[in-house]
Amino acid sequence: MRYERQYYAYGAKYIADVDEVGRGPLAGSLVVAAVILPKDVFIEGIDDSKQLTPHKRQVLYVEIMAKAIDVTVNIVSVSNIDKLNIYKVTQAAMEEAIAYLKSAPSVVFIDVMPLRAKTAKTVSIVHGDAVSASIVAKVTRDRIMEKL
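Calculation criteria
- Residues numbered from 1 in each chain as written.
- Predicted model: local features only at pLDDT ≥ 70, side-chain atom pairs only at ≥ 80, totals over all residues.
- Heavy atoms only, no water.
- Buried < 20%, exposed > 50% of the residue type's maximum accessible area, 1.4 Å probe, protein only.
- Helix = DSSP H or I, 4+ residues; strand = E, 2+ residues; numbered from the N terminus.
- Pairing = 2+ DSSP bridges.
- Phe/Tyr/Trp six-rings, centres within 6.5 Å; stacked < 30°, edge-to-face > 60°.
- Lys NZ or Arg CZ within 6 Å of the ring centre and 35° of its normal.

Draft legend 1. The pairing of strand β2 (residues 30–36), seen in detail. Most of β2 is tucked away, with seven of its seven residues classed as buried. Pairing of strand β1 (residues 15–21) with β2, which is carried by six bridges, proceeds in the antiparallel orientation. Paired with Val-18 across the bridge in β2 is Ala-34. Taken together, the seven bridges between β2 and strand β3 (residues 70–76) define a ladder with antiparallel strand orientation. Note on β3: the bridge partner recorded for Val-32 is Asn-74.

Draft legend 2. Spotlight on the packing of aromatic side chains. Counted by the stated rule, this structure contains one aromatic pair. The aromatic ring of Tyr-61 is capped on one face by Arg-143, whose charged end is 4.6 Å from the ring centroid.

Okay, here's the thing in structure tokens:
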């Protein structure tokens, strides 16, 4: 929460984190999530979704969804990935996920990818995938892949 505290101290009302899952696999959609948690909410155990067991991700997903102020999920089809390229599609999907949030964030944290957000300052953070959006995106994509 050290980054969040810094921006809340400067007057940020809402802080979002955004992350993607599915850039590396050979099959399936790209899933991007954007999440805004309340200022004083700390959810123990949030980490990069790849570092968590499937059960732990499910438990955290339920808690994140219950406590979040706002969540958006953007699913990009394989045909769109093939038509453009994975980097551009990821960037656009992240920008769209931020834009679809009903509660406009003042600041958005992302994992080392330059983004533009119309109403928010974007902050790239090394290891910025240890966030709630990582878990929401991963659980969503896992559910899609299980159905396939």
